[in-house]
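# Coordinate inspection notes
So you can see what is in the structure, the chains are spelled out below.
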Amino acid sequence: MRNEDLDAVFRIWMSSNLDTHTFIASRYWERHAGEVRRLLPESEVWVYESGGSIVGFAGLSGDYVAGIFVESNARSQGVGHALLEVLKCGHRFLALHVYEQNHRAMMFYRREGFRAVARQTEADTGEPEWRMEWRPGR
């Protein structure tokens, strides 16, 4: 991600969270928006461009996938897969958390070779989530 990508990446973060997490009140995402916008430039963020526009991005912190976010009109077109392939390069292990009610994301990560290893309740939302892990060749 370049500095000039921040507005597009942040817009995708907000719209994707509102679209895919309808079981969480929108005020939760709005309340965290400032912090996310401040932290994005300090994070390892990979963007996916199509037609000269950013349509998706992935955040990585060490071996932890902070999230993969894709514009609604670009979903199911290989964007998430391509971003995840970039993240897998050079890693022998990746982990992430995904809300249990986000069925589409759960299926996506399973298709990509992640395994659900632990169920917990996310403290801020009270929603059940799964820790998922990936290792090559599994």
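Up top you'll find the structure we're talking about.
Residues numbered from 1 in each chain as written. Predicted model: local features only at pLDDT ≥ 70, side-chain atom pairs only at ≥ 80, totals over all residues. Heavy atoms only, no water.

Let's shift gears to the nonpolar core. One finds I68, Y109 and F114 to be the most contacted residues of the largest nonpolar core, which totals 21 residues. At the level of secondary structure, the elements contributing two or more residues to this core comprise strand 2 (53–61), strand 3 (64–70), helix 3 (79–88), strand 4 (94–99), helix 4 (103–111) and strand 6 (128–134). With 17 residues, the next largest nonpolar core counts I12, I24, A33 and V45 among its residues. (Core = buried A, V, L, I, M, F, W, Y, C linked by side-chain atoms within 4.5 Å. Buried < 20%, exposed > 50% of the residue type's maximum accessible area, 1.4 Å probe, protein only. Helix = DSSP H or I, 4+ residues; strand = E, 2+ residues; numbered from the N terminus.)

Here we come to the pairing of strand 6. Burial analysis of strand 6 places 5 of its 7 residues in the buried class, the great majority of the element. Taken together, the 6 bridges between strand 5 (residues 115–121) and strand 6 define a ladder with antiparallel strand orientation. Residue pairing for strand 6: R119 is matched across the bridge by W130. Here strand 5 hands over to strand 6 after 6 residues, with G126 in that stretch at a positive phi of 75°. (Pairing = 2+ DSSP bridges.)

Turning next to the layout of surface pockets. A volume near 1,300 Å³ is recorded for the largest pocket. In this structure, the largest pocket is lined by 45 residues; those nearest its centre are N17, A66, G67, I68 and F69. (1 Å grid on protein atoms, 1.4 Å probe; cavity = no way out; pocket = protein on both sides within 12 Å on 5 of 7 lines; lining within 4 Å. Points joined across faces, edges and corners; volume = space filled by probe spheres on them.)

As far as function goes, none of this settles anything; it's purely spatial.
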